Structure formats: C-alpha cells, structure tokens
Amino acid sequence: MHTETLTQTYPVTTGTLREITLRINGEERRLSVLPYVSLLDALREYLDLTGTKKGCDHGQCGACTVLCDGKRIISCLTLAVMKEGAEITTIEGIDHPIQQAFIDHDAFQCGYCTPGQICSAVGMLQEGKAKSRDEVKDQMSGNLCRCGANQQIIDAIMDVKGGENE
Amino acid sequence: MAQIGQPISRLEGKLKVTGAAKYSGEYNVPDLLYGYVVNSSVTKGKIVTIHTGDAEALTGVVKVFTHLNRPGTAWFDMQYSDMDAPPGAPFRPLHNEEIKFNGQPIALVVAETFEAARQGASMIRVDYQESAFETDLKKHLDAAREPKKGMATMLKPPPPKPTGDFEKAYAEAAFKASAEFTHGTEHHNPMELFTTTTLYDGKGKLTIYDKTQGTINCQLYVGNVFGLHFKNVRVVSPFVGGAFGSGLRPQYQLFLSVMAALDLKRHVRVTLDRSQMFTFGHRPQTVQYTRFGATAGGKITALNHRSVAETSQFEDYTENVANWSPMIYPAGNTLLEQKLVPLDVNSPTDMRAPGGCTGLHAIEATMDELSYKLKIDPLELRLINYSTFNTAENKPYSSKQLKECYLQGAEQFGWSKRSAEPRSMRKGHKLVGYGMATGIWDAMQLPARAEAKITKDGKLHVKSAVTDIGVGTLTVMTQIAADEFGLPMEDVVFSYGDSKLPFAPIQGGSFTTATVGTAIVFASKALKKKLLKIAKSSNPGFKDAEPEELVFKDGLMLYKEHSVTLLELVAANKDKPVRTTNLGYPHALKLRKYSRAVHSASFVEVEVDEELGSVKVTRALTAVAAGRIINPKTARSQVLGGMVWSISKALMEETILDANLGKYMNQNLAEYHIPVHADINELDVLFVKEEDKVINELGIKGVGEVGLVAMPPAIANAIYHATGKRINQFPIHFDKLIDL
Ligand code: FES
Ligand code: FES
C-alpha cells in the first residue's frame, strides 16, 4: 500500500484578501483578491471579462495574452496584485484593423485562441521588431492554434503590417 | 445571388475577434461554485482510504465528493451509454473504489472560489492498494483479439471478408512491399479546456453550458444517469473552443458538475486543467502490418493490411484502420484484419480522421515503397490502379474525381520537377524530397430534424440542436437556408447549439453539413408547401401551382407571372409565423447501389538537414474532391487545419506513455508538441469540381477529416525521397534521421 499526496501542497492558510484597483481598457476596476489570484482569473472570474482565454494556465499556449502598458504579457503567469496602476488592455478593449483582417482571412475556426493571437499581434506590431514574414511567424509562435489556422493568422497580420510579405 | 458556393466570412467572426463569443466556462452568475477534480496517481488498484479532512477544513470549501459520499446515480451500463459509446461498460466517475487507469477522476472539491477548490484538491491524500497493470501495446500483441460489436459499430463496419487467395497471390506477385507501422497515443487537446457550467434553477431544472459536440447527446446522458426528465435538462453550447472528437462523448466534468449542482442545489462550474485534458479519450496506440503484391506492370494483385490497437479494459473502442486499401485500389486478393488489445488505460475516443489517418499512412507508404521497387513514379502507380469502383463493397462510387485531384494537384505542385531517385535533390546542405499520397474518407449522412419558419418581418428562421465546433456550421447552414428561399444572408437566422432545438446527432465524422443541410432542405420543402397552401387561399393566381413549380427570389414567391411576398403570406396567416419541422434522412434505397467517399491527394516538399536530421515541410498542396463545396472559404480552412494536423502527426505530436508507471509523461502543451506558426510554411488547397447527383439533395460530402488522411504519408514519403530512409513510426523525429 502506498500513500500519496497528489500534488505539491500549498500552504494551508488561504492568505488575506487584498483590495486592489486595476486599470482595464481605460476603466478603473476595484476588486478584492487573494495575493495568488492570477491576472487571468481576476479578469475572467472576478471581473467577467471572459474574452481573455485560458488554454493551459502555465504560460505554454498564449491564449491568455493581454497588453500591459502596451506590451504583450501572459496573464496566467501574472498575479493580479502585481499590476496595480498598470494600463491593461484585453481583447474587449482592442479596436484595431487586425480584427477585420482576421475575419477576412478566416484566421480562426473555433476562435478560442483568437483573442490571444490578436493581442499578441497588436503587441508585436508595436514592438516593431519583426520585419519579414518569417520574423512575424517566429515572434507569434508563443500563440498556439490547435485548429490549425496558422497560415491565415500570419496572412492577416502581414496584410495589416503591409509590405515584405514575401 | 446564390449564397452556396460563395466564400462568405464566418457570421460569428465579429464575436470571436472582440472577445464577445461566450464559451461554456464563461457564463458567470452570482453564487457560482467551482469544482476542481482530483485524479488518481496510480494506474490500477483500489482506493483504501481517501483523506478529505484537510480540504474540507479549508475556508471556502463547500464539499468534497468521492465514491464514498457521491449521490446515487443510475444502475445500468446502458444508462451511461451515449451516442458514441463503444460496446462495453462506460466509465462511471466516482463509482467505487476501483482504479482502472492513471488519471481517473477520484474526487471533486467544490468551493466558493476557483482558488479554494484548487487548493483543496491539492490537499486530498489517498492510500492506494496498487495492483499490476499493463499499458504497453507492443508487449501484448499476442493477446490481440476481435473487437466486440455494438451500436457504434454501425458507423464503423468491420473490414470486408477476405477475397480471392491472398497468400497465393502474394507469393506469386512479381513485386512486393511489406512493412510494420507504429503510432503512439495522441490527445485531442483543443485550446479550450473542458468545462461545464451547470445552472440550478431551484425547481429541479438544469441549464447546462457544456463543451460538447452534441447537445442532445449530453442531454440524454444527463437525463438517464441522474434520473431526470429530459424536459428538465437543457444543454447549451453556442461556442465550442475546438474538440476534434473529444466532445463526441459526454466527458467526466459534465457528470461531476451536474452531480454537484443537484446535490448542493447550487450553480456549479467544473473546469479541467490542461494535464487533466490527457485523462479522457485519446487516439489509441496502434501497430499495423502491410503486405502488398503487384505485377511487373504495377497492377496491385494482393492486399493484406492488419492492425492491432489498444482499448481499455471496459470498452471495445474500434476505429477503421485496415478497411481502406481495397476501397482505393482494386485487387482480386485481399486479407484485412483489425484487432484489439485491452490495456489499463482509459477508453480511446474518435480523434479527427479516426482510423483513416492511421491506416492511410501504412497503405500509402507501402504503395510508395512499391513504386520505388517497380521503378514507376508514385503518381503513375496510383493512376495504373485507378478505379471508380469500390471493390471492398462491390459497388461503384456515387462520384469520384480523385483522378482530377491527382492530375490538377500534380500540375499545380510541380510534381514533374521531381527526380526519380531518392537523395537526388538538394539545396545546399538540405536534402530535398517530394512525396505524394492518396486520401479517402467516408461520406456519411445521418438523420436529423430541422425547423424552418417565416416570421412576420419576412425573416427565415432555421433551427437545429447541432453545435458549431469551429467548422463553420452557422455560416454554411445559413447559406443553404438562404438559397432555399432566394433570400440574402441577412434575412436568415440560424439557431443552433441548444438541446431544446430539433434533433441533430453528434457533430463529427465529416457528416454534419450533409446531415443538417439535408434536414434544412427537407424542412424548407415542407415550408414551401405550407406557403403555397396559404397563397392558394389568398391569391387566385396560385390556384393551380404545384410546389415544384414555385420560384423563390428576393423575398418573393413566384409562379408564372404571379408573385406574392413572404411578408404578405405571413400576413395572410394572420401574422402568425409559418412553421414546419421535418426529418431529413439519407435516401437508403437509392444509396444502396453506391459507395460514398470523399477523396484527396496530397503533394509535399520537405527539406531535411543533412547534419541535424531536422525536417521542414516547405510546401504542401492537398487537392480535394468532396462534392459540392458550400463555402470555399471555411472549407479551405477546414482542409488547411487538417494539413497542419498532418504536419503535427507526422513530425511532432505524441503522448508518451511510461509503461513502468502506466502514466502519460508529457501532459502539458510545452511537452506535447503541436506546430507553432514558425513550423507552417506554404500550404495550399485545391477543390476539384465534383458533381454528385446521388448522394443527397445538395451533393455534399464533407471536408472535416479529409485534410488529415493523405498528407501524413505524403510527408513520410517525401522524407524517404529526400533521404532514402523509410521511417514507419510516427512522429518522425530528427533522432531517426540524424546519421544520414
Ligand atoms: S493560459 Fe496563459 S499561456 Fe496558456
Ligand atoms: S481558432 Fe481554434 S485554436 Fe485557434
């Protein structure tokens, strides 16, 4: 017979709730969360901003990508309490030609990776580092798409980015 | 303008690019409880003690469910059988102390917050009595036996009986090729985690937001298992974040969410985490053997294909791996066989192109091998053995434009630039190879119901319980309905993804468009009759009209020089909507004389690094003959998706099982490799024209699987052409190619 603790034990204390204010899509949102609540769960479960998706909760799929002060971050590996005062943009706050390009190029099927792809694409375009199609593919490779809409996603981004679509 | 055939963008596109599309885990209601599942860490044995005290003491935890305190559920196996259940006894979550496979759900922690439920789950300790287990297929090939037959076998008939004398024909064949093929386990891994939100309304009625490929399948399951009247169970799945077969059967989070909601009389959401996505259905590990014989001229005379796949100890899951070769290549002597080995794993489940993408690899790689032996171009060898007759069923195909796939595909791809010898093409230190293969998938159709109704604003409303797992069902059904009445897309509303709508079977097997599309045609026909009846009583011009003589265009019903608007017809019906619900079904009698299949041919170019053995699919083309294509844009995406899956299957994805532990070792998306954007280069799809007047009203076949049958072997064949190495084990990793 063997006894097993199934996963690593968390401390049995539940911590103390923290009152925080997040700036999301230009709005101040107050919420009280435990210090270990991820930004992703804060958005989805506490603020009903369900556009940001959870595909792995481990930083492995990119579905939870949001913009934080204009930079793309993985919200499942970010604690909500870390982002007090930061300007967070989720898919609900994005208004960008890339969205229409995704529709035109049929750059999604189930749509579950789409918010992450779009936020990531907007962040990547702002970074301005990717020049060629190959570089765009590289720099978008943290965002998985199980439906296999990869080619159309890159087409849509190149369409908006313009030029160098070799 | 006809809507069918137009590349119309997905109607739900706006919702998906703005984050407004709501998936089943996104219905947030006040006082929602969260459930987190605890899974067995051993592979086989018994739970001796399960220590739940720590978790129960945790602030926020409401209840811990285990086999000891779960509410009673139905007694009989039958009541747990769903539309896709293989023969056997379906798995019952938390049924008793017995552990049948690693990762089996053994407890559900329900709490006021997600965090408390998760933490509670981590605090459950279990004493197990372990027993010996077997999970290694290769070790138990001797134990292979015939699969049991049952309901699900109807859609997957066993291989046809032997014909001629295979052994003799093979012994006498001028040229032969034979090989063994090995495929590992794969998990569907849709991007959305499996999740169910059960809303408890206080009067015993449940509204269940579930991630599924069949709302009615889940409704019936919940009704049967929990002894609820079907009317009190509504399953809703408007958006499904991918499924690929994993949602064909009700998964355990549905059971657990409903169980907790009924017991606690509260709303409960249960979401699996990514590692738990590896604890239910999967594509089974499979070993195959082929022996093909041919004349010196390349005519195939003998086909032998055997497969041995794993299943669980409690259900006989089968998929058709070994049926396909005589459906493609007519040969007088065939010997086909499919067997199973029950192991201590969960039951496999259909996963995109189940059986087909496994079997076609073996068939098409063996054909490739034969072509080199014969010194006949691989494409030429397919043409030599071309037939529009299905020797497996002794029937002609209702339509088969595969030859056009071969010819147009080869032309567009530039197949003629291939030099015959392996290792004869290169680009610097990269070995270049071209490979091709044939694809086939059944063109099935099942019965379904649909409602069609015209309302007083002149809009057409069409309804079906069918889901849209991302394949474009909403858009395609709207197109079909619009054309029935000559309406623009804006005037048609298609409602779906809800068990209270008219019956549709599970969404899978590439049969949805034909199935629900035909139901819409039938319902429209009946609605037209009704409209004509109204016209006859209100408009003398229509007195002698027959339904077939009517023309519908721009919101008008026309008969000779007479016309009436749909608006006027509803007004004449005292403003009451004109409505019909009808069953659409395949024409069994007419279809009996034909075989039905969708075909494809894939052409692939690879580059293999001479030193590192790394493989890059630089470009690929799949030519498809799938009858009438309702929407070339969404259909193309379906095939492209299948092509990305092909790259994944041939080169990347595999769930690695440690047979010493009986456990999958890479239960996460960092170690379960699927292609990223950088892995995808030039992919192209070509739909060849194919008219099918027999198959159904619309001449539709379906494209969900066909993108994933031809291309995996085409990749393997291209690697052989590039390197001279024949690797018959998927995925082909660089280690198998490294000392070129
Ligand atoms: S959910 Fe954050 S990376 Fe997957
Ligand atoms: S669209 Fe389904 S995962 Fe990308």
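What you see as residue numbers is a count from 1 along each chain, following the sequence as written. Here every chain gets a letter starting at A, and every ligand a number starting at 1, in the order they are written. Local features in this predicted model are restricted to residues of pLDDT 70 or higher, and side-chain atom pairs are both shown and tallied only at a pLDDT of 80 or more, whereas totals for entire chains, interfaces and linings draw on every residue. Hydrogen atoms and water are omitted, and side-chain values are computed over all heavy atoms in the structure.

Chemist: Explain unusual backbone geometry residue by residue, including any values.
Modeler: All names here are of chain B. Here the bond from F730 into P731 is cis, since omega is -10°, no more than 30 degrees from zero. Of note in this structure, N189 is not a glycine but carries a positive phi near 45°. Take N189: it is sitting in the loop between strand 7 (175–183) and strand 8 (195–200). The buried label goes to any residue with under 20% of its type's maximum accessible area, the exposed label to any with over 50%, and the partly exposed label to all in between, with areas taken from a 1.4 Å probe on protein chains only. Judged by its relative accessible area of 3%, N189 falls in the buried class. Positive phi outside glycine occurs at A353, with the angle close to 55°. Each helix corresponds to a stretch of at least 4 residues labelled H or I by DSSP, and each strand to a stretch of at least 2 residues labelled E; elements are numbered beginning at the N terminus. Within the secondary structure, A353 is located in the loop between strand 14 (333–342) and helix 8 (356–374). When its relative accessible area of 0% is taken as the criterion, A353 is described as buried.

Chemist: Tell me what's going on with the domain arrangement of chain A, and back it up with residues and numbers.
Modeler: All names here are of chain A. The domain boundaries here were taken from an automatic or database domain assignment. Looking at chain A, the domain boundaries give domain 1 (2–92) and domain 2 (96–161). Relative placement of domain 1 and domain 2: their C-alpha centres are 23 Å apart. Taken together, the contact between domain 1 and domain 2 spans 15 residues of the former and 17 residues of the latter. Carbon and sulfur atoms supply 54% of the area that domain 1 and domain 2 bury against each other, a total of about 1,200 Å² over both sides. What makes two residues a contact is simply this: any of their non-hydrogen atoms within 4.5 Å. For any pair of parts, buried area is found by adding up, for both, the accessible area (1.4 Å probe) each one loses once the two are put together.

Chemist: Which residues make up helix 5 (residues 215–226) of chain B, and what values go with them?
Modeler: Residues and elements named next belong to chain B. Between its first and last C-alpha, helix 5 extends 16 Å over 12 residues, near the 16 Å set by a 1.5 Å rise per residue. Among the 12 residues in helix 5, 10 count as buried, and that is most of the element. Within helix 5, burial applies to T215, I216, N217, C218, Q219, Y221, V222, G223, V225 and F226. Tucked into the core, helix 5 has its buried residues touching strand 9 (206–210), strand 10 (233–236) and helix 6 (252–264). G227 occupies a position one or two residues after helix 5 and carries a positive phi of about 65°. Residue count minus one, scaled by 1.5 Å, sets the expected span of a helix.

Chemist: Help me get a handle on helix 10 (residues 402–413) of chain B, residues and values and all.
Modeler: All names here are of chain B. Helix length check: helix 10, at 12 residues, gives a terminal C-alpha distance of 16 Å against a target of 16 Å (1.5 Å per residue), a fit within 8%. The set of residues buried in helix 10 consists of L402, C405, Y406, G409, A410 and F413. For helix 10, the angular spread of buried residues about the axis comes to 110°, placing them on one side. Turning to helix 10, the residues buried within the fold contact helix 9 (378–384), strand 18 (430–442), strand 26 (597–609), strand 27 (615–625) and strand 30 (682–687). Within two residues after helix 10, G414 carries a phi angle of roughly 85°, on the positive side. The arc in question is the one spanned by the directions pointing from the helix axis to the C-beta atoms.

Chemist: Mind laying out the side chain of B:K633, listing which residues take part and the relevant values?
Modeler: Looking at where B:K633 falls in the secondary structure, it is placed in helix 15 (residues 632–651). In this tally, Asp and Glu contribute negative charge and Lys and Arg positive charge; neither His nor the terminal groups of the chain are included. Salt bridges are defined by distance alone: a side-chain nitrogen of Lys or Arg within 4 Å of a carboxyl oxygen of Asp or Glu. For the buried B:K633, which has no salt bridge, the nearest side chain bearing the opposite charge is A:D104, at an N-O separation of 5.3 Å. Separated by 2.6 Å, the side chain of B:K633 and the backbone oxygen of A:D104 make a polar contact. Excluding residues that lie within four positions of it along the chain, B:K633 makes contacts with A:I103, A:D104, A:H105, A:D106, B:P7, B:I8 and B:S9. Residues adjacent in sequence count toward polar contacts only when both atoms are side-chain atoms; beyond that, a polar contact is any pair of N or O atoms within 3.5 Å, and within protein one must be able to donate a hydrogen and the other to accept it.

Chemist: For the domain arrangement of chain B, give the residues involved together with the corresponding values.
Modeler: Residue and element names in this part refer to chain B. Looking at chain B, the domain boundaries give domain 1 (17–132 + 190–273), domain 2 (140–186 + 282–444 + 593–736) and domain 3 (446–585). Every contact between the two is made by 17 residues of domain 2 and, on the other side, 18 residues of domain 3. Taken together, both faces of the contact between domain 2 and domain 3 bury some 1,400 Å²; the carbon and sulfur share is 63%. The largest per-residue losses of area from domain 2 upon contact with domain 3 belong to M444, I630 and E697, which jointly make up 37% of the total buried on that side. Inspection of the region where domain 2 meets domain 3 yields 0 salt bridges. Every element with two or more residues in the side of domain 2 that touches domain 3 is listed here: strand 18 and helix 15. Residues are grouped as follows: Ala, Val, Leu, Ile, Met, Phe, Trp, Tyr, Cys and Pro are nonpolar; Asp, Glu, Lys and Arg are charged; every other residue, Gly included, is polar. Of the residues contributing to the side of domain 2 that touches domain 3, the split by class is 7 nonpolar, 6 polar and 4 charged.

Chemist: Tell me about the interface of chain B and chain A, residues and numbers included.
Modeler: Many authors give the size of an interface as the accessible area that is lost as the parts come together. The interface of chain B with chain A comprises 76 residues on the first partner and 62 residues on the second. Of the roughly 5,700 Å² buried at the junction of chain B and chain A (both faces included), carbon and sulfur atoms supply 53%. By the criterion of area lost to chain A, the three top residues of chain B are B:V17, B:M191 and B:H677, representing 15% of everything that side buries. Counting the contacts that link chain B with chain A gives 6 salt bridges. In this structure, the salt-bridge partner of B:R10 is A:D106, at a minimum N-O distance of 2.6 Å.

Chemist: Mind laying out the sheet that holds strand 18 of chain B, listing which residues take part and the relevant values?
Modeler: Residue and element names in this part refer to chain B. Spatially, 17-18-26-27-30 is the arrangement adopted by the 5 strands of the open sheet, whose pairing is mixed. The strands lining the two open edges of the sheet, one partner per strand, are strand 17 (425–427) and strand 30. Ignoring strand direction, the axes of neighbouring strands in this sheet form an average angle of 25°. We call two strands paired when DSSP finds no fewer than two bridges between them. One ladder, built from 3 bridges, connects strand 17 with strand 18; its direction is antiparallel. Counted as the bridge partner of R426 is L431 from strand 18. Angles here are taken between N-to-C directions and fall from 0 to 180 degrees, while the axes themselves are lines fitted to C-alpha atoms, restricted in helices to the stretch in contact. Against the sheet, helix 16 (residues 711–723) contacts strand 17, strand 18, strand 26, strand 27 and strand 30, and its axis sits at roughly 155° relative to strand 18.

Chemist: Help me get a handle on the nonpolar core, residues and values and all.
Modeler: Joining through side-chain atoms within 4.5 Å is the link that ties buried Ala, Val, Leu, Ile, Met, Phe, Trp, Tyr and Cys residues into a set, and such a set is a nonpolar core. Of all hydrophobic cores here, the largest spans 161 residues; its most connected members are A:F102 and B:I715. Broken down by element, the residue count for this core peaks at 9 residues, all from helix 15 of chain B. Membership of the second largest hydrophobic core comes to 47 residues, among which are B:I8, B:F485, B:V564 and B:L698.

Chemist: Please give an account of the sheet that holds strand 8 of chain B that cites residues and values.
Modeler: Residue and element names in this part refer to chain B. Spatially, 3-5-1-11-8-9-10 is the arrangement adopted by the 7 strands of the open sheet, whose pairing is mixed. Since the sheet does not close on itself, it has two edges, and those belong to strand 3 (61–66) and strand 10, each with one partner. Between one strand axis and the next, the sheet turns by 20° as a mean value, whatever way the strands run. Of the strand pairs in this sheet, strand 1 (residues 33–39) and strand 11 (residues 268–271) are connected by 3 bridges, and their pairing is parallel. The residue of strand 11 that forms the bridge with L33 is V268. In the packing of helix 5 onto the sheet, the strands contacted are strand 9 and strand 10, and the crossing angle to strand 10 comes to about 150°. Strands strand 1, strand 3, strand 5 (105–111), strand 8, strand 9 and strand 11 of the sheet are contacted by helix 6, whose axis makes an angle of about 20° with strand 8.

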